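An overview of the molecular structure
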Amino acid sequence: MSPDRSAGGTRRAFLRTSFGTSAGLAAALGGALPASAGEGAAKRRRIPRGGVGMHLYTMRDALARDFAGTLERLAEIGYATVGVSGRHGYDASAIRRMLDAVGLRAVLEHVAYPTLTGAGLPRALDDLRTLGARWPVVPSLPGAMHTPDGFREAARQFNRIGLASREAGLGPVLFHNHGSDHVVVDGRSLYDILLAETDPHLVAFELDVYWAAKGGGTGPGTYFRCHPRRFPALHVKDMAADGGFADVGSGTLDFAAMFAHARVGGVRQWLVEHDAPADPFATARNSYVHLAALRY
């Protein structure tokens with residue numbers, strides 16, 4: 001066991017106790033709390049600890065080196081849940097054992113569109129149950145489908161996948177957006193086709209707030225208000241001043257304003273993501289501290 005992993009239980013207990021108090025958060029932030037977490041905001045909402053997660057794509061390089069150790073360090077920081085994205089040679093049972101060992105819980109897994117639309121669907125749903133997760137997620141659509149007709153076909157497929165997921169005792173299938181999904185064709189966003197032409201009981205959305213904001217159209221808060229309960233999970237990703245990626249809380253996005261309508265949108269999981277972190281563990285820690293302190 002590496003020095004970083006020794007006495008892991010002691011550090012986890014310290015961090016979870018400290019981050020549950022204003023003093024602990026202030027210390028982690030290097031001094032005073034941000035104004036949004038001060039006394040004037042004491043009665044405002046906060047993200048429940050069980051809702052703060054890490055999308056594991058952020059940690060892919062670290063996971064490739066040491067999957068179990070990376071999960072342990074995320075738990076030490078304070079994360080409660082993860083979104084699985086890439087298994088690095090492990091099967092669902094092995095990942096579940098590693099998660100259980102450090103007290104983390106998988107809530108979803110990204111599974112390729114061709115797998116979910118093809119013969120791999122039953123196995124993918126079985127693996128979700130093994131992981132203890134609730135939602136299968138389509139991470140993206142093939143480029144050739146980025147037309148109105150392509151998105152209508154995707155909507156039909158999502159309804160079918162969602163029905164199979166529900167019948168397997170799981171939640172609806174989710175779709176994860178990127179910037180190209182918000183392209184407007186003939187006055188209508190491609191993303192809006194999915195919202196309009198899928199069954200809300202069968203299909204929901206893992207909204208990547210960075211890409212929704214960068215898409216230049218409907219903002220996350222408006223999506224939450226206009227489509228209640230359709231966004232059980234978020235990718236919380238910040239935008240740097242130059243439009244690139246940033247650690248949560250260090251960029252330009254106003255998360256407090258965005259999350260003011262999260263309850264209406266049905267949000268249950270706030271999953272941190274950074275597509276290209278220079279230091280994934282620093283990103284994980286910085287982002288967790290910001291979300292733990294946030295009031296909205």
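**Overview of the sheet that holds strand 3 (residues 105-110)**
- A barrel is described by the order of its strands in space; here 8 strands give the closed sequence 1-2-3-4-5-8-9-12, paired in parallel fashion. This sheet shows a mean twist of 30° between the axes of neighbouring strands, independent of strand direction.
- Pairing of strand 8 (residues 203-208) with strand 9 (residues 233-236) involves 3 bridges; the strand directions are parallel. Bridging from a neighbouring strand, aspartate 208 pairs with histidine 235 of strand 9.
- Here helix 7 (residues 121-131) sits on the sheet and contacts strand 2 (81-84), strand 3 and strand 4 (135-138); the angle it forms with strand 3, its principal contact strand, is near 160°.

**Some remarks on helix 8 (residues 148-167)**
- Across its 20 residues, helix 8 extends 29 Å between first and last C-alpha, which sits within 8% of the 28 Å expected from 1.5 Å per residue.
- Taken as a whole, helix 8 has its buried residues at Pro148, Gly150, Phe151, Ala154, Ala155, Gln157, Phe158, Ile161, Gly162 and Ser165.

**A few points about the packing of helix 4 (residues 67-77) against helix 14 (residues 280-293)**
- One can describe the packing of helix 4 onto helix 14 by two numbers: an axis separation of 10 Å at closest approach and a directional angle of 25°. Viewed along their axes, helix 4 and helix 14 adopt a mutual orientation that is roughly parallel. In terms of crossing hand, the pair formed by helix 4 and helix 14 is right-handed. Residues Thr70, Arg73, Leu74 and Ile77 of helix 4 pack against Phe281, Ala284, Arg285 and Tyr288 of helix 14.
- Its residues assigned to classes, the contact of helix 4 with helix 14 shows 5 nonpolar, 1 polar and 2 charged.

**Things to note about the pattern of salt bridges**
- Per the stated rule, a full pass over the model turns up 12 salt bridges.
- In this structure, arginine 87 engages glutamate 109 in a salt bridge whose closest nitrogen and oxygen atoms are separated by 2.9 Å. Linking arginine 87 in the loop between strand 2 and helix 5 (92-102) with glutamate 109 in strand 3, this pair joins segments that are 22 residues apart in sequence.
- Classification of glutamate 109 as buried rests on a relative accessible area of 4%.
- Counted as one network, the salt bridges with shared partners bring together Arg87, Glu109, Arg123 and Asp127.

**What to know about the pairing of strand 2**
- Residue alternation in strand 2 divides its side chains into two sets, Thr81 and Gly83 and Val82 and Val84, and both sets are buried.
- The pairing of strand 1 (residues 52-55) with strand 2 spans 3 bridges and is parallel. When the sheet's bridge partners are listed, methionine 54 is paired in strand 2 with valine 82.
- The pairing of strand 2 with strand 3 spans 4 bridges and is classified as parallel. The partner of valine 84 across the bridge, within strand 3, is glutamate 109.
- Between the parallel pair strand 2 and strand 3, the chain is carried across by helix 5, and the sense of this crossover is right-handed.

**Focus: the side chain of aspartate 238**
- Relative to the elements of secondary structure, aspartate 238 occurs in strand 10 (residues 238-239).
- Although aspartate 238 lies buried, it forms no salt bridge, and the closest oppositely charged side chain, lysine 237, sits 11 Å away as judged by the N-O distance.
- A distance of 3.4 Å separates the side chain of aspartate 238 from the backbone nitrogen of serine 250, its partner in a polar contact.
- Excluding residues within four positions of it along the chain, aspartate 238 makes contact with Tyr210, Gly244, Phe245, Ala246, Asp247, Val248, Gly249, Ser250, Gly251, Thr252, Leu253 and Phe255.

Scoring rules and cut-offs
For every chain, the first residue of its written sequence is number 1, and the numbers climb from 1 along that sequence. For this predicted model, a pLDDT threshold of at least 70 governs which residues receive local features, and a threshold of 80 or more governs which side-chain atom pairs are given and counted, while totals over whole chains, interfaces and linings are taken from all residues. The basis for every side-chain value is the complete set of non-hydrogen atoms in the structure, without hydrogens or water. For two strands to be treated as a pair, DSSP must find no fewer than two bridges joining them. Every helix listed is a DSSP run of H or I at least four residues long, and every strand listed is a run of E at least two residues long, numbered separately from the N terminus. Axes here mean lines fitted to C-alpha atoms, for a helix over just the part in contact, with angles spanning 0 to 180 degrees between N-to-C directions. The contact rule is simple, with two residues in contact once any of their heavy atoms fall within 4.5 Å. By definition here, a helix of n residues has an expected span of 1.5 Å times n minus one. Here the term buried applies to any residue with accessible area under 20% of the maximum for its type, exposed to any over 50%, and partly exposed to those in between, with areas from a 1.4 Å probe on protein chains only. Angle categories are assigned with fixed cut-offs, so that under 35 degrees is roughly parallel, over 145 is roughly antiparallel, 65 to 115 is roughly perpendicular, and the rest are oblique. Each crossing is labelled by how the near helix is turned from the far one, with a counterclockwise turn of less than a right angle marking it left-handed and a clockwise turn marking it right-handed. Under the convention adopted here, Pro, Cys and the residues Ala, Val, Leu, Ile, Met, Phe, Trp and Tyr are nonpolar, Asp, Glu, Lys and Arg are charged, and Gly plus all remaining residues are polar. Salt-bridge detection follows one rule: a side-chain nitrogen of Lys or Arg within 4 Å of a carboxyl oxygen of Asp or Glu. We call a crossover right-handed when, viewed with the strands running away from us, the connection from the first strand over the helix to the second turns clockwise. Just so you know, the count uses Lys and Arg for positive and Asp and Glu for negative, and it drops His and the chain ends. Any pair of nitrogen or oxygen atoms within 3.5 Å is treated as a polar contact; in protein, a donor-acceptor pairing is required on top of that, and neighbouring residues in sequence qualify only through side-chain atoms on both sides.

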